[in-house]
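Overview (structure and organization)
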Amino acid sequence: MSSVKIPKIGFISLGCPKAGSDTEKIMTRVKTQGYEISSSYDKSDVVVVNTCGFIDSAIEESLNTIDEALKSNGNVIVTGCLGEKRGIIEERFKNLIAITGSEADKEVVDIINKVAPKPHDSFIDLIPKSGLRLTPSHYAYIKISEGCNHKCSFCIIPSMRGKLASRTPEDILSEAQNLVDSGVTELIIISQDTSAYGVDFKVKQSFWDGKPVKRDLYHLAKELKKFGIWVRFHYIYPYPHIDHMIELMDEETILPYLDVPFQHASPKILKSMKRPADAEDNLKRIQAWRQINPNIALRSTFIVGYPGETDHDFEQLIDFIKEANLDHVGCFEYSNVEGATAKLMSDQIPDIVKKERYNRLMETQKTLSEQKLKSLIGSIQHVVVDEVTNDFALARSFRSAPDVDGVVYLKDPEGLMAGDRLDVKITGNDSYNLFAGPLDD
Ligand code: SF4
C-alpha cells in the first residue's frame, strides 16, 4: 500500500470549447503523471484557472474567478486567452504562481511539477523517475529539441518533424537531475540541430534551482556542468558561438568532444546541400577550437556522391579530411530519399563512382585514425566500462561516444562491471580502437 501523498490539482475552465479542450489536455497530462484532480478549491494543492478574454464580460468573469480562487486557495496558475493580455491580470493580481497564454498545456504542467512535485512512488508508478531507457544504466541520451529550421536538400526531417521546438532548460535539467539521481554518470545531448537550441524561445529566460537561466545552449551547458558528470554534445554546427562552449570543456564535466556533421568540404556542394553554416571556414573553426582546448576530440560524418559532386569537389573533401585530422569519421554514399529536393537534381552520380569515393575517403581516414591512436600508446586514460565479455572489457575515454566511435579494449576484465570507471595504460591500437592494460603493466 502506498504511503505517498499525491498532490491534488483543481481546474476552472471558462470560455469556448477550444479553451475547454486546452483544459482537458492539461488535465490529461497531470493525470498521466499520477496527480489527482480535485473539484474543490480548498482541497487542491494548486488551482489552474483557464480564462477567456474574448469580450469585456468574459474578461470580467475571468478576473472574478481568479479573485475567488486566490481568496479560497492562494496557489493559482492562470492560463488561456486572457493570459495573452497579461497586463490586465498583473494590474489586479500580484501574487499568482504564473500566467501563461493559451495552448500552453506543457508549460502549465511544468509549473505544476515545480510547485507541487509529485513524489515518485515505486509501488504505483509504472515508469521509473528517470523514465524508460534503452541504454545501459550508466549513460543516457537527452533530446533537447525536436524539429529543425533548416532545409538541407538531402533531408526530409523538417517536413516530418516540423520547425525547431526547444525544450525549456528547467524541463531538460529536471530530466538530467532524475537521471543523475538514478545513477547515470554520462549524459549525451542530442537533437536535430543542437547549436540552434533556444533560438525559438520568445521568452529568453527560465528559472532553475531558484535562479534565472538564459535559454540558450551555452547557459544550458553551464547548468549541466554543475552535475559534475560527463556531458557530451552531438549534432553541433560550426557557428562562432560554439567557441564559448569549448571554453566550458574539461575531461570531467562538459567533455572536450564534439560531433559536428560537416557532410562535405566543397563550398559549391555545401551551398547546394543548403547546409547550416555553409559559409563558415570550417578548418579555421577547428583550429580555433583546438587553440582553446588542444585535447578536443572531433567526430563528423560526410556524404560522398551527392548530385553534381565533381572530382575536384571530392578532392577538396579529401584535402579537408587530411587537414582536419578528425578523431572519428563516418561516411555515407549519397542516396535519394523520397521527398528530398536533391532527388530532383539532374546530375546524379553513378553508384560505382560513389563506391570508389567512399572507399578512398575511408582509406584516407583509416590511416589518419591509426596515426592518431598510435600517438596515445603509453598514455594513461580515464575510461568507463560499457560492456564486459569473457576476453575483454569494452571501455571508452572522453574521446569516444557509445556505439558510434572506437573503443578501448581492456584485457583481464575479471571483476569489472559496466559503469565502472578506472585509469588504464594504453598499450596498442588497431585502425579505430585502442588496447589497454592496468597502470603497472
Ligand atoms: S540534415 Fe539539415 S535539415 Fe536535416 S535535420 Fe539536419 S540540419 Fe535539419
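Predicted model only: the values in this text are computed from it and were never measured. (Residues numbered from 1 in each chain as written. Predicted model: local features only at pLDDT ≥ 70, side-chain atom pairs only at ≥ 80, totals over all residues.)

**Digging into the overall build of the protein chain**
Helices and strands together make up the secondary structure of the protein chain, namely 12 helices and 20 strands. If you line up the protein chain on its principal axes, its C-alpha atoms span 75 × 60 × 35 Å. Per-residue burial over the protein chain gives 37% buried out of 441 residues. The contacts of the protein chain with a sequence gap of at least 6 include a subset with a gap of at least 24, amounting to 71%. (Helix = DSSP H or I, 4+ residues; strand = E, 2+ residues; numbered from the N terminus. Buried ≥ 20, exposed ≤ 12 C-beta atoms within 10 Å, placed from the backbone. Contact = placed C-beta atoms within 7 Å.)

**A look at the site of the ligand**
Looking at the ligand, the residues that line it are Cys148, His150, Lys151, Cys152, Cys155, Ile157, Pro158, Gln192, Asp193 and Pro276. For the shell around the ligand, the class distribution of residues is 6 nonpolar, 2 polar and 2 charged. (Near = placed C-beta within 6 Å. Nonpolar A, V, L, I, M, F, W, Y, C, P; charged D, E, K, R; others polar.)

**As for helix 10 (residues 282-292)**
Turning to helix 10, its buried residues are Asn282, Arg285, Ile286 and Trp289. The buried residues of helix 10 occupy one face: seen down the axis, they fall within an arc of 100°. Away from its buried face, by an angle of more than 90 degrees, helix 10 presents the exposed residues Lys284, Gln287 and Gln291. (Arc of directions from axis to C-beta.)

**Some details on helix 11 (residues 311-324)**
Taking 1.5 Å per residue, 14 residues should reach 20 Å; helix 11 reaches 20 Å between its end C-alpha atoms and fits that length. What helix 11 keeps buried is the set Asp313, Phe314, Leu317, Ile321 and Ala324. With its buried residues spanning 100° around the axis, helix 11 presents them on a single face. Exposed and oriented more than 90 degrees from the buried face of helix 11 are Asp311, His312 and Lys322. Buried residues belonging to helix 11 abut helix 9 (267-273), helix 10, strand 14 (297-304), strand 15 (328-333) and helix 12 (351-374). Phi for Asn325, located one or two positions after helix 11, is positive at around 45°. (Expected span 1.5 Å × (residues − 1).)

**What to know about the pairing of strand 10 (residues 205-208)**
Taking every second residue as pointing to the same face, the buried face of strand 10 carries Ser206 and Trp208, while none of Gln205 and Phe207 on the other face is buried. For strand 10 and strand 11 (residues 211-214), the ladder comprises 4 bridges, and the chain directions are antiparallel. Each residue of the ladder has a partner; that of Gln205, found in strand 11, is Lys214. Hairpin remark: strand 10 followed by strand 11, antiparallel, with 2 residues in the connecting loop; positive phi at Asp209, about 60°. (Pairing = 2+ DSSP bridges.)

**With respect to the environment of His382**
Of note, His382 is situated in strand 16 (residues 380-388). Of the residues examined, His382 has 14 C-beta atoms within 10 Å and is grouped as partly exposed. When the C-alpha atoms of His382 and Val424 are compared, they prove to be 6.4 Å apart, with 42 residues separating the residues in sequence. Apart from residues lying up to four places away in sequence, His382 is in contact with Glu251, Ser397, Arg421 and Asp423.

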